[in-house]
Amino acid sequence: MAHDRYISPFSTRYASDEMQYTFSDDNKFRTWRRLWIALAKAEQKQGLDITDEQIAELEAHKDDINYEEAVAREKLVRHDVMSHVYAYGLQCPKAKGIIHLGATSCYVGDNTDVIIMREGLQLVRKKLIGVLANLADFAEQYKDMPCLAYTHCQPAQLTTVGKRATLWMNEFYMDLQEIDHQISQLALRGVKGTTGTQASFIELFNGDSAKVKAVEADVCAQMGVDKVVPVCGQTYSRKVDYNVLSAIAGLAQSAMKMATDIRLLANFKEMEEPFEKNQIGSSAMPYKRNPMRCERICALSRYLMVDVLNPITAGTQWFERTLDDSANKRIAMAEGFLAADAILNILLNVSDGLVVYPKVVRSRVMAELPFMASENIMMKAVKKGGDRQELHERLREHAVAAAAVVKQEGKPNDMIARVEADPAFGLTREEIEAELSPEDFTGRAPQQVEEFLAEVIRPVLDANKEDLGQHVELNV
């Protein structure tokens, strides 16, 4: 590794080899050559003078790209596509005259970008399925475990540990739906010519529109994409980039929400992300177990959510095309996908090894439950002859006093003792504690988990069995 120049952390620390290859030069330029071969085959089929020998020559060199020649040529002519046309022609002397025939640079550039975005979305989708599978197992395991639920980050009522996980999963499921929508909507730019009018192909085929349309359909079929944009200028609409990046930025929002919840729960000592045997939590404080994975998810998610602002290029394109989209797009799209990949790698790791501390969860529930159970206690006392209005006021006074003991004196919640000692209630400690079973305060949370998994998540997992069982070891 070179240490005398900038290297993206996505390459060295965060993104997977698979996603890095998806956005690599090698994948891009190999796709260019596949597009040139597809174009030649389609044009030959419609009657242009292109021989089987020329196509065979192109096929023979589709993967052994002569990068040195292409780089040297680009320094001379300052044009990446024509440099690669030239380099390909050096390897294919018989076919060099028909490479890129009738096409503009965006034939390879834009069509390749769509193909690569589709590959990137499919990898994001695969990893998202893996995260959902891990969280489904977690939710099933903890569907019945009562825990504090919060509004305004203040204890409100009870939920269950598994039910909270379904909140994370539901947002990831929404992201999956949007990603699937974007995959289904991706369309190739096709064979459209310099300003989208197909004028050069009309010239090649002597005005025969049917043959031009057939060439375009043939190219799309060869590249495995069943859609082509209906109209375009020189480029496909850059709104496509915005829509795709918005979908994966939505995933970042969901990831940040889950990671933030886990960070807060780690502070409460209820739950932790995985912690390796030899992992160091702090250079100065050996006892610390910092939620560094979830902190990294939040950091990368912020980056990705901001990155989505880059493809405002759709609004700045003049007429059929200006080139101010190019430099921005090279960075924003690739690094957006690399960030999404990195986030999902950490999510896979975290969701595969979440640690719950049931006794801490229970103790925190029991510290608040006397407040939450006050109505049940009041109703029990009313059934024994108490006056509801009087008991309501006395409960309020006891709750305020008990809260003061907890907050001002740092002592345990003594509300049960206060109610037991108050003759107005006429309840024994056993009768009061009978109303303090946390499982009675979780509503339909366990059933909601079961229904959500059965009706929403399991069908997705069953339809994507090949994506289950993913495990990720993080580099740092």
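Everything quoted here is computed from the prediction, not taken from an experiment.

A. Here's a closer look at helix α16 (residues 374-383). For α16, the full list of buried residues reads I377, M378 and A381. Taken around the axis of α16, the buried residues stretch over an arc of 100°, which confines them to a single face. Of the residues in α16, the exposed ones pointing more than 90 degrees away from the buried face are E375 and K383. Elements in contact with the buried residues of α16: α17 (388-409), α18 (415-421) and α19 (429-433). Of the residues trailing α16, G385 is marked for its positive phi of about 110°.

B. Structural detail: the side chain of T31. Secondary-structure assignment places T31 in helix α3 (residues 25-45). Look at T31 and you get buried, because its relative accessible area is 1%. Among the polar contacts listed, one links the side chain of T31 to the backbone oxygen of N27, at a separation of 2.7 Å. Those residues in contact with T31, other than ones at most four positions away along the chain, are T112, I115 and M223.

C. Representation of the pairing of strand β2 (residues 154-160) in the model. Both strand β1 (residues 146-151) and β2 contribute to a ladder of five bridges, which runs antiparallel. When the bridges of β2 are listed, T151 appears paired with Q154. In this structure, the hairpin formed by β1 and β2 is closed by a connection of two residues, where H152 is found at a positive phi of approximately 60°.

D. Focus on the packing of α3 against helix α7 (residues 105-141). Running from amino to carboxyl end, α3 crosses α7 at an angle of 120°, the nearest separation of the two axes being 9 Å. In terms of their interaxial angle, α3 and α7 are classed as oblique. α3 and α7 meet at a crossing whose hand is right-handed. Mapping the contact onto sequence places N27, K28, T31, W32, L35, W36 and L39 in α3 and Y107, V108, G109, N111, T112, I115, I116 and E119 in α7.

E. Molecular detail of the pattern of salt bridges. On inspection of all chains with the given rule, the structure shows 31 salt bridges. The residue E59 makes a salt bridge to K41 at a minimum N-O spacing of 2.7 Å. With E59 in helix α4 (residues 52-60) and K41 in helix α3, this residue pair connects regions lying 18 residues apart in the sequence. In this structure, the salt-bridge partner of K45 is D218, at a minimum N-O distance of 3.2 Å. Of this pair, K45 sits in helix α3 while D218 sits in helix α10 (residues 209-222); the two residues are 173 residues apart in sequence, bridging distant segments of the chain.

F. Looking closely at the nonpolar core. By size, the foremost hydrophobic cluster in this structure holds 109 residues, and its most contacted members are F172 and V219. Sorting elements by how many residues they give to this core places α7 first, with 17 residues. Look past the residues within four positions of F172 in its chain and what remains in contact with it is L128, V131, L132, L135, L251, S254, A255, M258 and L347. One finds I377, I416, I432 and F441 within the second-largest nonpolar core, a separate group that totals 20 residues.

G. Broad picture of α17. The end-to-end C-alpha separation of α17 is 30 Å, in line with the 32 Å expected for 22 residues at 1.5 Å each. Residues of α17 that are buried: L391, L395, H398, A402 and V405. Buried residues along α17 cover an arc of 85° about the axis, so they all sit on one side. Opposite the buried face of α17, at more than 90 degrees from it, the exposed residues are Q389, V400, K407 and Q408. Contact partners of the buried residues in α17: α15 (358-372), α16 and α18. Following α17 by one or two positions, G410 adopts a phi angle in the positive range, close to 70°.

Cut-offs used in this document
Residues numbered from 1 in each chain as written. Predicted model: local features only at pLDDT ≥ 70, side-chain atom pairs only at ≥ 80, totals over all residues. Heavy atoms only, no water. Buried < 20%, exposed > 50% of the residue type's maximum accessible area, 1.4 Å probe, protein only. Helix = DSSP H or I, 4+ residues; strand = E, 2+ residues; numbered from the N terminus. Arc of directions from axis to C-beta. Contact = heavy atoms within 4.5 Å. Polar contact = N/O pair within 3.5 Å; in protein donor to acceptor, adjacent residues only side chain to side chain. Pairing = 2+ DSSP bridges. Axes fitted to C-alpha atoms, helices over the stretch in contact; angles between N-to-C directions. Parallel < 35°, antiparallel > 145°, perpendicular 65-115°, else oblique. Left-handed = near helix turned anticlockwise from the far one by under 90°. Salt bridge = Lys/Arg side-chain N within 4 Å of Asp/Glu carboxyl O. Core = buried A, V, L, I, M, F, W, Y, C linked by side-chain atoms within 4.5 Å. Expected span 1.5 Å × (residues − 1).

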